[in-house]
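# Results of the structural survey
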Amino acid sequence: MPAPAIQMTGIDKRFGAVHANKAVSLTVEKGTVHGLIGENGAGKSTLMSILYGFYAADSGTIAINGKPSLIRNPADAIHSGIGMVHQHFMLVETFTVVENVMLGAEGGVFTAKGAAAVRAKLQALSYAYGMDVNPDAVVSELAVGELQRVEILKALVKGADILILDEPTAVLTPSEVEKLFVLLRRLAGEGKTIIIVTHKLKEIITVTDRVSVMRRGEMVGTVETSNTSPADLAELMVGRRVVLTVEKGPANPQAVVLDVKDLTVRDARGTIRLDHATFQVRAGEIVGIAGVSGNGQSELLETIAGIRKPAGGTVSLNGALLDCGGSDDPTALRAKGLRHVPEDRHRMGLVKPFEAAESAILGCSDEPGFGAGPFLDRDAVLADCVRKMEAFDVRPADPTLRTALFSGGNQQKIVLAREIERDPKLLLIGQPTRGVDIGAIEFIHKRIIGLRDAGKAVLLVSTELDEVLALSDRVLVMCGGKITGERRPEDTNEQDMGLLMAGVSSDAPKVAA
Amino acid sequence: MSARTAPVWLTAGVVPLVNVAVAFLAAGLVVALIGENPVEALQIMLRGALGSQYGLGYTLYYTTSFIFTGLAVAVAFHAGHFNIGGEGQALMGGLGAALVALSLPFLPWPLLLPLCVLGAAAAGAAWVFIPAYLQACRGSHIVITTIMFNFLAATLLVYLLVGPMKMAGSMAPETAKFVPGATLPLMNQMAAWFGLTITRTPLNLSFIFAILAAIFVWVLIWRTRLGYAIRTVGANPDAAVYAGISPARITVIALLISGGLAGLMATNEILGVQGRLINEFTAGAGFVGIAVALMGRGHPFGIVLAALLFGVLYQGGAELAFDKPKITREMIIVIQGFVILFAGALEMMFADRIAALYARLTGKLVAV
Ligand SMILES: Nc1ncnc2c1ncn2[C@@H]1O[C@H](COP(=O)(O)OP(=O)(O)OP(=O)(O)O)[C@@H](O)[C@H]1O
Ligand SMILES: [Mg+2]
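Anyway, here's the lowdown on the structure attached to this text.

Looking now at the site of ligand 1. Around ligand 1, the structure places 22 residues, and the nearest of them are A:Asn40, A:Gly41, A:Lys44, A:Ser45 and A:Thr46. The environment of ligand 1 is shared, with nearby residues belonging to chains A and B. One of the side-chain nitrogen or oxygen atoms of A:Asn40 is found 2.7 Å away from an oxygen atom of ligand 1. Here A:His199 contributes a side-chain N or O atom positioned 2.8 Å from an oxygen atom of ligand 1. Alone, ligand 1 offers 640 Å² of accessible surface; in the complex the protein occludes 95% of this. Those elements that provide at least two residues to the shell around ligand 1 are strand 2 (18–28), helix 1 (44–51) and helix 14 (408–420) of chain A. Sorting elements by how many residues they give to the shell around ligand 1 places helix 1 of chain A first, with three residues. Here the residues of the shell around ligand 1 are counted per class, giving eight nonpolar, eleven polar and three charged.

What follows is the structure, given as structure tokens:
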């Protein structure tokens, strides 16, 4: 048997008081897909960052293909044939796709030759794996799903032998995930080694050969995928049995809270992003919006939240017409009981250099509870954050820790806590569980349903089809900026949804609102 | 890497001190190269700057100006903007103070003096308004526009001082003397009120203003809602928009405060020392403010320390040049250059190592 592709032994890493990795050992065989799972803050990203040379371990050794390797920085890692697709994108926003992929492979003084080579490789890879990315698109204008694809392509173009994917599927649609998995299996078949970090147990079962489970900084076990089940894995991860299905009673819709009519939105260049969207959300119901990311959902949420100005159509809240993006800016709308969990927590939902407590008052910093007159009372802000951290089990529960240093899932909990705890009349919520562990998903889903049962209106956008179907009372499907259909979750299936998401309209009768 | 916010004494105290030590080492090398004893030179400098009431008075007098201009740069910086125009805003601050002092000489001093101080701040703020507006609403880069406005301010002042505002019959480009009620008392005068005798130096009441301004900036940035909005806009404008904070509005407000602080620099030189408006009175303090703000890491406490350091360099350097003919004024500028290089431009060079050392000593992880 050949030497394992990766052998990490006794890896220990502390961040001050946080013991992120406790003598962790991990062995990954060559040519396999290896899953790494664990709760938020379990130390998965830290372990992978050590493997990729972002952090130096306090102690422990790494051997690549049987050779002891000193990986001090990402350049060493790339040299050892390790490629990484990060949980948080590492792309230059103002560069095009080709320019981003070229980074580190510019090929001499003039970039034309390098660019041509990269473009050719990109096109070959995109073609081979069915990844549809325009090489000349500017990164800042791509949707989250597209960014993900660029990240994956970037690592592949560099010819990595070992590919680390930190939550690569968090933003992909089911069919995209399927494509990715076909790609991963194909790469493994060619002798490449893949580590995939994810919170989705279904995916682990589908794609991996082996799974390692981490809990609170420790490696609690590695199992053959064929010998395990999602429920077993969940128990290993959390240390208790977790309810993997959403339990909810029938909805009891009341008066219309949100009424959107013919809403049309154009982007800065005048392209139509949202095309005559018309729908309603009633008190006491969850309306889900399904669709591949980048099909107008972001624009829809941002317009209703007052961040964008529509080009046409109307939005009313509780019967009163809104002037979204005009006099009804996010502040005015918050005062009217509208709360918004943005899809991308890093771009909008948080301020990474701020202390957690400061991020936890984003958009609420003018509330009288946080100080007298123009002043902010730091103690009040900290106390409020501690309360929210307890309510949402944020770890570590330290309001003075910088936002950027929380694990992805815990950052998401901070945003959710901030918006949900304010008792909204209408909650707009984008990608509520992106990068969140199963224990926390269970918790977040319960809170969203609890909100509905308390008579609040919820508009949910998620590219996670399972999530939309499990939570929503009605599902709208978007494609190319248009609403292509409406279904009740119990009257539809993945195939039907897939068709609607691809823009193939069907003749199935519309469900009355 | 990094973690929670480090204690202020570490970020704004130890780190800059290490940087300064390295800067002095490098400067000492140069001094040795031209055949002087660096240890002796350092002694002369420190003694000249801190060793006597006279030296200390001058040192703090320079420090006062640098605190104002350093704070000005820092406030803009927290909003994500680089206000290079401290020099021009300070000049206009002088103009504002002078206009009040010369047009309302009949007012009693308890009214006139505060108005003169306000005039300085208002004129400094007004001078940054156009660049601020252009940045906020038209996206014209504030660095470019404020540099241009520095030239405009200098030119405008020369025009006024050789023309409309020139004292009748004088050959110098300066206004008439202000009435006494429009000038700030010198520190030795104030000491005399309490029966203390100290050496007469240009150090004046505006030093106290500068310290108050530093406290004001600290409260503003870290303890008010406006400061929170300013930092949000500076750190993540998208998040600010999401939160309902208008980046354009906050940009203008932050820059107005910045310009006002720069304008207050004139209280030291014009209201405190000259008692009349003169040409080129800022003497580069606006630019030193950039180095001071960088070195103080945008924190008022660090800015006061950094301003003090530059005060020492200015005063001690003058003494050194006087004592050692081989060490010219230009040499002093070289030394100042080293400090700016190590403490400003290369400020992060030792930060990680210091943070690691601190972590090892205390078991706490910090970001410096
Ligand atoms: N640079 C850092 N400084 C301080 N603490 C850190 C740093 N990076 C991570 N941590 C802490 O280490 C722990 C492990 O974090 P890590 O990001 O590895 O978790 P994770 O398993 O990837 O979680 P998630 O599933 O939420 O992404 C967390 O408590 C986190 O707050
Ligand atoms: Mg992670």
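Once you've had a look at it, read on.
A few words now on the nonpolar core. Membership of the largest hydrophobic core comes to 137 residues, with the highest contact counts inside it found for B:Leu261, B:Leu277, B:Phe281 and B:Phe310. If sequence neighbours within four positions are ignored, B:Leu261 has contacts with B:Phe68, B:Leu71, B:Ala72, B:Val75, B:Ala213 and B:Val217. In this structure, A:Val98, A:Leu183, A:Ala188 and A:Ile194 belong to the second largest nonpolar core, which totals 35 residues.

A few words on the sheet that holds strand 16 (residues 338–341) of chain A. All names here are of chain A. As summarised here, the arrangement of the six strands in space is 16-17-18-13-19-20, forming an open sheet in which the pairing is mixed. In the strand order of this sheet, the two ends are held by strand 16 and strand 20 (482–487), each with one partner. Between one strand and the next, the sheet's axes are offset by a mean angle of 20°, whatever the strand orientation. Inspection of the sheet shows strand 13 (residues 286–290) paired to strand 19 (residues 474–479) by four bridges, in the parallel sense. Considered in strand 19, the bridge of Ala290 is made with Val477. Across the face of the sheet, helix 15 (residues 438–453) comes into contact with strand 13, strand 17 (426–430) and strand 18 (457–461) while running at roughly 135° to strand 13.

What follows concerns the packing of aromatic side chains. All names here are of chain B. This structure, assessed with the given rule, holds 14 aromatic pairs over all chains. Seen in terms of ring centroids, Tyr54 and Tyr58 are 5.0 Å apart; in terms of plane orientation they differ by 55°. Their pairing is tilted. You can see Tyr54 and its partner Tyr58 sitting in helix 3 (residues 53–78), four residues apart, about one turn around the helix. Tyr54 sits in the partly exposed class, given a relative accessible area of 40%. Its relative accessible area of 23% is what places Tyr58 among the partly exposed residues. For the pair Phe77 and Phe82, a centre-to-centre distance of 5.6 Å together with 70° between the ring planes defines the contact as edge-to-face. You can call Phe77 partly exposed: its relative accessible area is 47%. Within the aromatic cluster, the residues linked to one another by ring pairs are Tyr54, Tyr58, Tyr61, Tyr62, Phe66, Phe310 and Tyr314.

Across all of its chains, the model carries 41 salt bridges over all chains by this definition. For A:Glu419, the salt bridge is made with A:Arg339, and the minimal N-O distance between the two is 3.5 Å. Taken together, the positions of A:Glu419 in helix 14 and A:Arg339 in strand 16 put the pair 80 residues apart, joining distant regions of the chain. We classify A:Glu419 as buried; its relative accessible area is 0%. Across the pair B:Asp238 and A:Arg347 runs a salt bridge, and its minimum N-O distance is 3.4 Å.

Here we take up the sheet that holds strand 4 (residues 59–64) of chain A. All names here are of chain A. Spatially, four strands are ordered 2-1-4-5 in an open sheet, and the strand pairing comes out antiparallel. The open sheet has two edge strands with one neighbour each: strand 2 and strand 5 (67–69). Sheet twist, expressed as the average angle between the axes of neighbouring strands with direction ignored, equals 30°. Bridging between strand 1 (residues 6–15) and strand 2 involves seven bridges; their strand directions are antiparallel. Note on strand 2: the bridge partner recorded for Ile6 is Val28. Across the sheet, helix 1 is in contact with strand 1, strand 2 and strand 4; its angle to strand 1 comes to roughly 115°.

Criteria and cut-off values
Residues numbered from 1 in each chain as written. Chains lettered and ligands numbered in written order. Predicted model: local features only at pLDDT ≥ 70, side-chain atom pairs only at ≥ 80, totals over all residues. Heavy atoms only, no water. Near = heavy atom within 4 Å. Polar contact = N/O pair within 3.5 Å; in protein donor to acceptor, adjacent residues only side chain to side chain. Areas by Shrake-Rupley, 256 points an atom, 1.4 Å probe, with all protein chains shown as cover. Helix = DSSP H or I, 4+ residues; strand = E, 2+ residues; numbered from the N terminus. Nonpolar A, V, L, I, M, F, W, Y, C, P; charged D, E, K, R; others polar. Core = buried A, V, L, I, M, F, W, Y, C linked by side-chain atoms within 4.5 Å. Buried < 20%, exposed > 50% of the residue type's maximum accessible area, 1.4 Å probe, protein only. Contact = heavy atoms within 4.5 Å. Pairing = 2+ DSSP bridges. Axes fitted to C-alpha atoms, helices over the stretch in contact; angles between N-to-C directions. Phe/Tyr/Trp six-rings, centres within 6.5 Å; stacked < 30°, edge-to-face > 60°. Salt bridge = Lys/Arg side-chain N within 4 Å of Asp/Glu carboxyl O.

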